[in-house]
Every structure is written in C-alpha cells, then in structure tokens.
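Read off the chains here:
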2 protein chains.
Amino acid sequence: MPIPPEHRLWNDFLRVARRRIAGYLPPTPLVRSEFLSRELRRDVFLKLESLQPVGAFKVRPAFNGILASLQECRAAGVVTNSSGNFAQAVAFAATRLGVDSCIVMMRGASEFKRRRTEAFGGKVVVCDDSFRSRAETTERIRKESGRVALHPFDSRESIAGNATLGLELLDQIGEDFTLLAPISGGGLIAGTALAVKLGRPDCRIRGVQAQANPSMKRSLEADRRVLTEPSASLADALTVPRPGRNTFALVRALVDDVALVGEEAMRSAIRLLAIEEKLVVEAGGAVSVAAALAAPREVGGGPLVCVVSGGNIEPNLLREILSEPGEA
Amino acid sequence: MPIPPEHRLWNDFLRVARRRIAGYLPPTPLVRSEFLSRELRRDVFLKLESLQPVGAFKVRPAFNGILASLQECRAAGVVTNSSGNFAQAVAFAATRLGVDSCIVMMRGASEFKRRRTEAFGGKVVVCDDSFRSRAETTERIRKESGRVALHPFDSRESIAGNATLGLELLDQIGEDFTLLAPISGGGLIAGTALAVKLGRPDCRIRGVQAQANPSMKRSLEADRRVLTEPSASLADALTVPRPGRNTFALVRALVDDVALVGEEAMRSAIRLLAIEEKLVVEAGGAVSVAAALAAPREVGGGPLVCVVSGGNIEPNLLREILSEPGEA
C-alpha cells in the first residue's frame, strides 16, 4: 500500500518524539518466542511493552505529551482521562518531570489500575461509567483549573510518542516483518504503523480488537468513525467506543486489516505467555498473541512481531486463568 | 580483590564460548526496575535469564557444552543429570543441534520441569532421591552407552558458557556495578564473576543461597568443600549439596560474599516480580531480588544488578503466592 504524501510530514514529529523520550525510556526488549515459533512454524517475536515503567506502552505518549510543553505543564498541571494504563503513565511521567497530574477514571475502571495510578502520584477523579461523562468531567476540570489536557491517543504528541515503538522495531529487526498490534482508540497502531511503513513500506500490519469492542473494525467497514457500544471484556484496556479522528485516518491509510479476538482466546494467550514465556500480560496486551495463534499465516510474510502492550492484569484474574486447563 | 593470575587463562575460553553460542542465544535483556529502584533508593537492574529459551540461564552451558564436541555428541548422544533447568536446557539444545539426549532426574524433581524436559525432546531417566543415586545412574548410563557426559556446573565448558552472561553485562552497563546472583553448584556465579572481574575488577559480587541449602556459604566458612544436606525449599533449582571443585575455587577467589534468603522472602520477591515487574520467576530466580530487598546497601556501590536466573515455577505455586497479601 503506498504511503499518502501527507503522512511523510509526520517524519519530523517522530524523530523529535524519539529524541525527547530517549533520556527517560530506553528501547523495550524484543525477544524471540521459542514456543510460538515452534507452534506456528514461523519466527515469532514479542515486543515487550509490558516491561515499561508502569507496565504499559502508554508511558511513550505520556512523556512525549508532557515534554512537548513542559513549562506550561509545570505551571498549570495536566489533566487527562483513561481506562487505566494512560492514567498510570501520566501519573508516572508527571511525577518524574515535576508536574502535577489529575486523571479522570470511570467508576468501573480496573481497581488495580486506579490504585497504581495513585501510587505513582496521580490525583484520581472518579466519574460515571460513560465515555460522555468522562469527557465532560475532563473538560470541566480543564476549564476550571487551566490544566493542560493530554489526549490519551488522538493528539499529534500521543501518536508520535507511540511511533517511537515502531522506530525501535526498525532498529531491532533487519528484514520486512508482519506486525500484530492491539487497537482501542487506535493510537498505538497509528503511531507504530506510521513509523514502520515510512521506514519499510513492505511490512504488513494487522490490528487486533476484542470481539466485544470492534469499534475500529466497524468504522473501517463503514468507512467513517462509528460509535460501537462496547460489551464487557477481559480486555479493559481496549474499550474506546469510537476511533480518534487522526488515528482513524492513519489506520485507514496504513493498516492492512483488523482481526477480532474472543474472550477464551485471550485467556489462553495470557496462560501461554505466563507458562511458556514467563511474562505477566493483561488481556489487552495478549490479543496480538491470540490473533497470531488464530491465523499465523494469513497476514504478510517475514517474522511475526506481536506487540505485548501491557501487563497490568488483576492478580486474582491471573490466578483464575492459571488454574484453567491448558496444554502446558 | 586482585584476580589470581591463573584465572586470566580463562579469558580465551570465555571468548570462544561467546562466539560459539552467539548464533543460538542472543543477549538477554537487562531492564531497569522502577519499583525496586524507588524502594531501594538505588538504581536496580534485572538481567532476565527467565526469558531465555526453556526459561533459564542453563541454555548457556548446555549449548557451549554440546558445541564444544559436537561431532562426538552427534555420534554418541549426551547424558547429564539435573534438578530441572539444566535438564530442559540440554534437551532443548541437543534437539536443536541434532543430538540425542538422556537426562537423569530424581523422583522428587519438579514435575513441571520433568514434563517440559520431555517436551523439548529429552529422554528422562528417573532415579532415587539422592545426589549419590543420581551421580551413579548418570555414570552407569555413560559407561554403558558411550554418551558424552555434560556436567551441569563444574566443567570448563559449563563455567565458560555461564560466563557469557557476565560478558553481556559488561556491554550493557557502562559503569562499575554490584551483582547479586544465585548459587547452587556455583556454576552461574563462577562464570559470571570470572567475566565481570576480568573485565572490571572493581565490580562487587554477592552470591545468594537459600537458607535451606547454604552449601557454598558453609564451604567458604570451612575453607573447603563441605557436604550440606539440603532441607526442603521452594528454590528447587538451588539444591546442590556441595560446590564443584572448580566453582568453589573460583567463588573463593572472586565472589565478595554470600547472603542467605528465607522462604518467606522468596515468596515476597516472586509476588513483587509478578505484580510490579510483570515477570514470572521461580524461587531460585527470585533470590537475588530477595537479597537486594533485605540489604540494599551493604554490598558494593554503583547500580545493583540482580540476575533473574529462571522462570520455571509450577503454575499452582504461582497461584498460591499471588493470593497472599502484599503491598501491591
């Protein structure tokens, strides 16, 4: 797929983002999975964003967003909203950079992630269980307090921050590859796809969503951003009901297709990653591996690279999944 | 501590080992632990041997041992004995290199590790629950079958294979550091200490054993290799009752001291590594972190590097530990 010329304009933002975050976030490991490579008869690598500080890739957009206007953030503080991983990431990055942070989370957000957000120094404001209430609460706080608002996925800084993951992959793999990455609002895959396709246009990219929340897939099918009310899912990190304006445009232009993954497949992937790969991964971080297991050959060629985007699983859920029968 | 001149002779073996295994085992990640660095007010890094194929550092000596006499191993097969991680590693490396492998394990060895050894293509022979029975069974098989015997920790090839971990650390850390590494027979720490102290003599090295099996510590105190009957411990990878002849000499010359870690401290470290670091670690792999938590300052200066030597914990034990109360 040719890269639309306007996307080349991003090149500078990506390089700037990489320089900005370099002192705070070293590249995450890319490890070969012996087990998956054997099972799928294809080289499979895992990009371990679960080993980031706070246990998720979201520190990339958090650092890039705050560093982009550090003086203003230091003076006024920041506000954002999140289902949990961006919350922790903003709290962590803000504290590290001497910035006050306020994070709006829904009442029903993961309790584990909420406690961790507070532990990282974030002030959590709880709102009702709807994306509308969350957006309104965030906007009210921004207006009243003058805090700098950080968009969790659709701002230029968030997308460029996520793109640093793609730049690292280009350094870490010497050939064209096929990438599998989770999609919620689309920030991770939009940024990563930008970096990867600008660097190596022949790489293939498959997005992965929970069957319970196919918001990007439905939007691509409709060729416009549609609202998809999410159902309950283990993947509490993949619940954004409508893609961002920018992320949708980038995904439509750069991502080859989107696969859906069911709840049982997530559980199996979490179990497999713990027992065979010695990794604690949350459901939203395991969907790329679940999708690789479901269809190891139908996407592109070269090695398969699964983005393991986060590890913040509730300990009780991990216990439950470890007790389930499985191969290992 | 000055390095005795005879240890400099090892230099060549180390370089050869590194070249030998390079095509099979890329360097393992070294990651900064945000949580431990904050808790201990000191930079703490984790060397993730748990992410090796088979989930333990033992693939280093396994590949180096087989590759050192590959033609002979291919013709005659190999035999070894192990509490579990070297068993899996030899099975894996042998299968990869087209070599037939036979591994002697005690009846009481971890069932999880035994099943994995077979899954990697090793033929397991079960013997009685004593180190004597294990040694005799191994020697009998060697004599009867003509297989090449691989020593799990005390051969030159095993020590040089383990030393590749130390060579990687010298590349990965640009300053003098303090290393914490587990000790069972002493192979891991002897090899690592050799590489580290030959390269940077001012690094400090603390070995760590389970209180239930202080075989190296007792031997150092007695200034000779004494037999210490091990008691039951979660750390089933750290049960060798007497140091090797070579490993003892190297540890005496190169390791600064040996700390002991209790069972509760291991459980806490396993829990912390899962919840904060998103890593599945077995008890023998968690003792370095447990020792760092117990005494973060009394060893040397610079960053603390904990070798996370393996991740092969029984899923049921991990479940049990995740249900225990803790800070996170």
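## Quick look at the overall build of chain A
Logical step 1: In terms of helices and strands, chain A carries 15 helices and 10 strands.
Logical step 2: In terms of overall dimensions, chain A is globule-like: its C-alpha atoms have a radius of gyration of 18 Å, near the 20 Å expected for 328 residues.
Logical step 3: Across its three principal directions, the C-alpha atoms of chain A cover 55 × 50 × 40 Å.
Logical step 4: Relative to its 328 residues, chain A shows a buried fraction of 63%.
Logical step 5: A separation of at least 24 residues holds for 74% of the contacts in chain A among residues at least 6 apart in sequence.

## Let's talk about the pattern of salt bridges
Residues and elements named next belong to chain A.
Logical step 1: Following the criterion strictly, the structure yields 51 salt bridges over all chains and no others.
Logical step 2: Measuring nitrogen to oxygen at the nearest pair gives 3.1 Å for the salt bridge that ties Glu221 to Arg218. In this pair, Glu221 and Arg218 are both assigned in helix H11 (residues 215–222), three residues apart and thus about one turn of the helix distant.
Logical step 3: Of the residues examined, Glu221 reaches a relative accessible area of 54% and is grouped as exposed.
Logical step 4: A single network of salt bridges, built from pairs that share partners, joins Lys47, Glu49, Arg60 and Glu168.

## Structural notes on the packing of helix H2 (residues 10–21) of chain B against helix H10 (residues 187–199) of chain B
Residues and elements named next belong to chain B.
Logical step 1: The contact between H2 and H10 brings their axes to 11 Å, and the two run at 110°. Put simply, H2 runs roughly perpendicular to H10. Considering how the two elements wind past one another, H2 and H10 form a crossing that is left-handed. From H2, Trp10, Asn11 and Leu14 reach across to H10, where they touch Leu194, Ala195 and Leu198.

## Remarks on the confidence of the model for chain A
Logical step 1: Looking at chain A as a whole, its pLDDT mean stands at 94, while 98% of the residues score no less than 70.
Logical step 2: If you check the scores for this complex, the pTM reads 0.95 and the ipTM reads 0.93.

## Focus: the sheet that holds strand E10 (residues 304–308) of chain B
Residues and elements named next belong to chain B.
Logical step 1: Pairing is mixed across the open sheet formed by six strands, whose spatial order is E1-E2-E10-E7-E8-E9. Of all strands in the sheet, those with a lone pairing partner are strand E1 (30–32) and strand E9 (257–261), marking the two edges. On average, adjacent strands in this sheet sit at an angle of 25° to one another, irrespective of strand direction.
Logical step 2: The strands touched by H10 within the sheet are strand E7 (178–182), strand E8 (204–210) and E10, with E8 carrying the most contacts at an inclination of about 175°.
Logical step 3: Contacting E8 and E9, helix H11 (residues 215–222) runs over the sheet at an angle of about 140° to E9.

## Description of the nonpolar core
Logical step 1: With 82 residues, the main nonpolar core has Leu46 of chain A together with Leu46 of chain B as its most contacted residues.
Logical step 2: When residues no more than four places from it in sequence are discounted, the contact partners of Leu46 of chain B are Pro29, Leu30, Val31, Ser33, Leu36, Leu273, Glu277, Leu279, Val289, Cys306 and Val308 of chain B.

## So, the packing of helix H4 (residues 59–68) of chain A against helix H9 (residues 156–172) of chain A
Each pair of packed helices can be described by the angle between their axes along with the distance between the axes.
Residue and element names in this part refer to chain A.
Logical step 1: Their axes nearest at 7 Å, the elements H4 and H9 cross at an angle of 130°. The angle between the axes of H4 and H9 places the two elements in the oblique class. Crossing geometry of H4 relative to H9 is assigned as right-handed. Contacts between H4 and H9 pair Arg60, Pro61, Asn64, Gly65 and Ala68 from the former with Glu157, Ser158, Ala160, Gly161, Asn162, Thr164, Leu165 and Glu168 from the latter.
Logical step 2: Residues belonging to the contact of H4 with H9 are distributed by class as follows: four nonpolar, six polar and three charged.

## Looking at the interface of chain B and chain A
Logical step 1: With 30 residues of chain B at the interface, the matching set in chain A holds 30 residues.
Logical step 2: The junction of chain B with chain A conceals about 2,400 Å² of combined surface from both sides, 65% of it contributed by carbon and sulfur atoms.
Logical step 3: The three residues of chain B that bury the most area against chain A are Leu51, Lys278 and Arg319 of chain B, which together make up 27% of that side's buried surface.
Logical step 4: Where chain B packs against chain A, one counts two salt bridges.
Logical step 5: Our count for the chain B to chain A interface comes out at six residue pairs in polar contact (both at pLDDT 80 or more).
Logical step 6: If you list the elements that add at least two residues to the side of chain B that touches chain A, you get helix H3 (34–40), helix H6 (85–96), helix H7 (111–119), helix H13 (263–277) and helix H15 (315–322) of chain B.
Logical step 7: Here the side of chain B that touches chain A is composed, by residue class, of 16 nonpolar, five polar and nine charged.

## Considerations on the relation of the copies chain B and chain A
Logical step 1: Superposing chain B onto chain A takes a rotation of 180° combined with a translation of 0.0 Å along the rotation axis, leaving an RMSD of 0.0 Å. The symmetry that links the two subunits is that of a two-fold axis.
Logical step 2: Most of the interface of chain B is mirrored in chain A: 100% of its interface residues are interface residues there too.

## Section: H2 of chain B
All names here are of chain B.
Logical step 1: Compared with the 16 Å implied by 1.5 Å per residue over 12 residues, the 17 Å span of H2 between its first and last C-alpha is a close match.
Logical step 2: If you check which residues of H2 are buried, you get Trp10, Leu14, Ala17 and Ile21. Down the axis of H2, the buried side of the element spans an arc of 65°, and every buried residue falls inside it. Residues Asp12 and Arg19 are exposed on H2 and point more than 90 degrees away from its buried face.
Logical step 3: Check the buried side of H2 and you find it contacts helix H1 (5–8), helix H4 (59–68), helix H9 (156–172), H10 and helix H12 (245–254).

## Digging into the sheet that holds strand E4 (residues 101–106) of chain A
Residue and element names in this part refer to chain A.
Logical step 1: One open sheet accounts for four strands, arranged E5-E4-E3-E6; its pairing is parallel. One side of each edge strand has no neighbouring strand; the edge strands of this open sheet are strand E5 (123–127) and strand E6 (148–149).
Logical step 2: Bridge analysis of strand E3 (residues 78–81) against E4 gives four bridges, and the strand direction is parallel. Across the sheet, Val79 pairs through a bridge with Cys102, a residue of E4.

## Section: H11 of chain B
All names here are of chain B.
Logical step 1: For H11, the set of buried residues is Ser215, Met216 and Ser219. Down the axis of H11, the buried side of the element spans an arc of 95°, and every buried residue falls inside it.
Logical step 2: Buried residues belonging to H11 abut E8, H12 and E9.
Logical step 3: Downstream of H11 by a residue or two, Asp223 has a phi angle that is positive, lying close to 60°.

## Some words on the side chain of Lys47 of chain B
Residues and elements named next belong to chain B.
Logical step 1: For Lys47, the position within the fold is in strand E2 (residues 44–48).
Logical step 2: In this structure the side chain of Lys47 is engaged in a polar contact, spanning 3.0 Å, whose partner is the backbone oxygen of Thr28.
Logical step 3: Lys47 has contacts with Thr28, Pro29, Leu30, Arg60, Leu165, Glu168, Leu169, Gln172, Val305, Cys306, Val307 and Val308, leaving out every residue within four places of it along the chain.

## Observations concerning the packing of aromatic side chains
Residue and element names in this part refer to chain A.
Logical step 1: Applying the stated criterion across every chain, the model contains eight aromatic pairs over all chains.
Logical step 2: Both rings, one in Tyr24 and one in Phe63, keep their centres 5.0 Å apart while their planes meet at 20°; by these two values the pair is stacked. In this pair, Tyr24 sits in the loop between helix H2 (10–21) and strand E1 (30–32) while Phe63 sits in helix H4, placing the two residues 39 residues apart along the sequence.
Logical step 3: An aromatic cluster is defined as three or more aromatic residues linked by ring pairs; in this entry it consists of Tyr24, Phe63, Phe92 and Phe120.

## Comments concerning the environment of Ala119 of chain A
Logical step 1: By the element assignment, Ala119 of chain A lies in helix H7 (residues 111–119).
Logical step 2: Ala119 of chain A sits 44 residues away from Ala163 of chain A along the chain, and the two C-alpha atoms are 27 Å apart.

Quick notes on the rules
Residues numbered from 1 in each chain as written. Chains lettered and ligands numbered in written order. Predicted model: local features only at pLDDT ≥ 70, side-chain atom pairs only at ≥ 80, totals over all residues. Heavy atoms only, no water. Helix = DSSP H or I, 4+ residues; strand = E, 2+ residues; numbered from the N terminus. Rg over C-alpha atoms; globule rule 2.2 N^0.38 Å. Buried < 20%, exposed > 50% of the residue type's maximum accessible area, 1.4 Å probe, protein only. Contact = heavy atoms within 4.5 Å. Salt bridge = Lys/Arg side-chain N within 4 Å of Asp/Glu carboxyl O. Axes fitted to C-alpha atoms, helices over the stretch in contact; angles between N-to-C directions. Parallel < 35°, antiparallel > 145°, perpendicular 65-115°, else oblique. Left-handed = near helix turned anticlockwise from the far one by under 90°. pLDDT = per-residue confidence, 0-100. Pairing = 2+ DSSP bridges. Core = buried A, V, L, I, M, F, W, Y, C linked by side-chain atoms within 4.5 Å. Nonpolar A, V, L, I, M, F, W, Y, C, P; charged D, E, K, R; others polar. Buried area = accessible area lost by both parts, 1.4 Å probe. Polar contact = N/O pair within 3.5 Å; in protein donor to acceptor, adjacent residues only side chain to side chain. Least-squares fit on C-alpha atoms with pLDDT ≥ 70 in both. Expected span 1.5 Å × (residues − 1). Arc of directions from axis to C-beta. Phe/Tyr/Trp six-rings, centres within 6.5 Å; stacked < 30°, edge-to-face > 60°.

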